[in-house]
Amino acid sequence: HQRARNYQAAAFSEPLTAAALQPLADQGWTILHDRRWPGSTRANVDHLAIGPGGVAVIDSKHWRDPVQIRDGRLWCGDDDRHEDTVETILRLTAAIQDLVIEVAGSDPGLDVGLSPIHVLPVLVFTNHARANTLAPQIGPVWLCTLGHLPLRLARRRCRAPAQVALLAEYLAREMPP
């Protein structure tokens with residue numbers, strides 16, 4: 001029953017996040033939804049936003065209980081969600097960072113002007129307006145609400161459009177739907 005509830009929450013929250021990301025497409029970002037986790041046959045990435053600000057690895061969460069940071073860990077109500085959520089998105093981000101390194105080292109090396117530091121893990125809370133005010137991030141992981149997500153990403157600018165296009169094409173090929 002818990003697994004079914006998790007799938008229902010994802011089915012509700014992921015389209016909300018996709019809609020929030022849509023305005024970024026008009027600003028030169030490529031948005032990829034529901035992509036295969038690099039090296040996995042089952043795990044997925046909810047959303048990738050590839051644009052002038054780098055690559056955002058976005059996981060949508062529709063949690064009912066309040067989101068809090070306690071002692072540097074992410075909590076939902078009385079449940080410590082740090083391992084399942086923060087550590088998981090950090091592993092996923094590391095896998096995508098490896099792809100960024102790989103594309104730069106390919107033959108011929110593609111100058112995407114990106115280093116692994118430009119791959120940003122983001123947790124989006126679709127049911128909490130206060131998630132962004134509790135702590136803007138936990139370690140390198142950004143915490144955002146739907147309303148704050150496109151604004152925070154749009155502020156990041158470090159890539160040229162040609163670099164964005166190369167990287168988006170490569171990640172789309174390496175991480176199929």
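Note that this is a predicted model, so its numbers are computed, not measured.

S.K.: Requested: an account of the sheet that holds strand β7 (residues 119-125), with residues and values cited.
M.R.: In spatial order, the strands read β1-β2-β3-β7-β9-β8; together these 6 strands make up an open sheet with mixed pairing. In the strand order of this sheet, the two ends are held by β1 (30-36) and β8 (137-138), each with one partner. The pairing of strand β2 (residues 44-51) with strand β3 (residues 54-61) spans 5 bridges and is antiparallel. Residue pairing across strands places L48 opposite V57, the latter belonging to β3.

S.K.: Would you mind going over the packing of aromatic side chains in detail, with residue names and values included?
M.R.: Aromatic ring pairs are reported here in terms of the distance separating the ring centres and the angle at which the planes meet. Within the structure shown, the criterion is met by 1 aromatic pair. In this structure, R81 packs its charged tip against the face of W63, placed 4.6 Å from the ring centre. Lying across the ring of W142, R152 places its NZ or CZ 4.2 Å from the centre.

S.K.: Which residues make up the environment of D59, and what values do they have?
M.R.: Relative to the helices and strands, D59 is located in strand β3. For the pair D59 and N44, spaced 15 residues apart in sequence, the C-alpha to C-alpha distance is 9.7 Å. Apart from residues lying up to four places away in sequence, D59 is in contact with D46, I89, V122, L123 and V124. At 3.2 Å, the side chain of D59 and the side chain of K61 are in polar contact.

S.K.: Tell me about the pattern of salt bridges, residues and numbers included.
M.R.: Evaluated as defined, the whole model comprises 5 salt bridges. With its nearest N and O atoms 3.6 Å apart, the salt bridge here joins E83 to R73. Placement of E83 in helix α2 (residues 82-104) and of R73 in strand β5 (residues 73-76) is noted, with a sequence separation of 10 residues between them. By relative accessible area, which is 47% here, E83 ends up partly exposed.

S.K.: Explain the nonpolar core residue by residue, including any values.
M.R.: Grouped together as the largest cluster of nonpolar side chains are 31 residues, with contacts concentrated most on L48, I50, V55, V57, I96 and L171. Listing elements by their share of this core, those giving two or more residues are β2, β3, β5, α2, β7, β9 (141-145) and α5 (161-174). With 8 residues, the top contributor of residues to this core is α2. Discounting residues that sit within four places of it in the chain, I50 has contacts with G28, W29, T30, L32, V55, V164, L167, A168 and L171.

S.K.: Requested: an account of the pairing of strand β4 (residues 67-70), with residues and values cited.
M.R.: Note that β4 and β5 share 4 bridges and pair antiparallel. Considered in β5, the bridge of Q68 is made with W75. Between β4 and β5, which follow one another and run antiparallel, lie 2 residues, and D71 among them has a positive phi close to 50°.

S.K.: Give a detailed account of unusual backbone geometry, specifying residues and quantitative values.
M.R.: Positioned with a positive phi, D34 is a non-glycine residue whose angle comes to about 50°. Considering the arrangement of structural elements, one finds D34 in strand β1. Its relative accessible area of 40% is what places D34 among the partly exposed residues. Of note in the backbone geometry, D71 takes a positive phi value of approximately 50° without being a glycine. As for its position among the elements, D71 is in the loop between β4 and β5. On the accessibility criterion, D71 (82% relative accessible area) is exposed.

Analysis parameters
Residues numbered from 1 in each chain as written. Predicted model: local features only at pLDDT ≥ 70, side-chain atom pairs only at ≥ 80, totals over all residues. Heavy atoms only, no water. Pairing = 2+ DSSP bridges. Helix = DSSP H or I, 4+ residues; strand = E, 2+ residues; numbered from the N terminus. Phe/Tyr/Trp six-rings, centres within 6.5 Å; stacked < 30°, edge-to-face > 60°. Lys NZ or Arg CZ within 6 Å of the ring centre and 35° of its normal. Contact = heavy atoms within 4.5 Å. Polar contact = N/O pair within 3.5 Å; in protein donor to acceptor, adjacent residues only side chain to side chain. Salt bridge = Lys/Arg side-chain N within 4 Å of Asp/Glu carboxyl O. Buried < 20%, exposed > 50% of the residue type's maximum accessible area, 1.4 Å probe, protein only. Core = buried A, V, L, I, M, F, W, Y, C linked by side-chain atoms within 4.5 Å.

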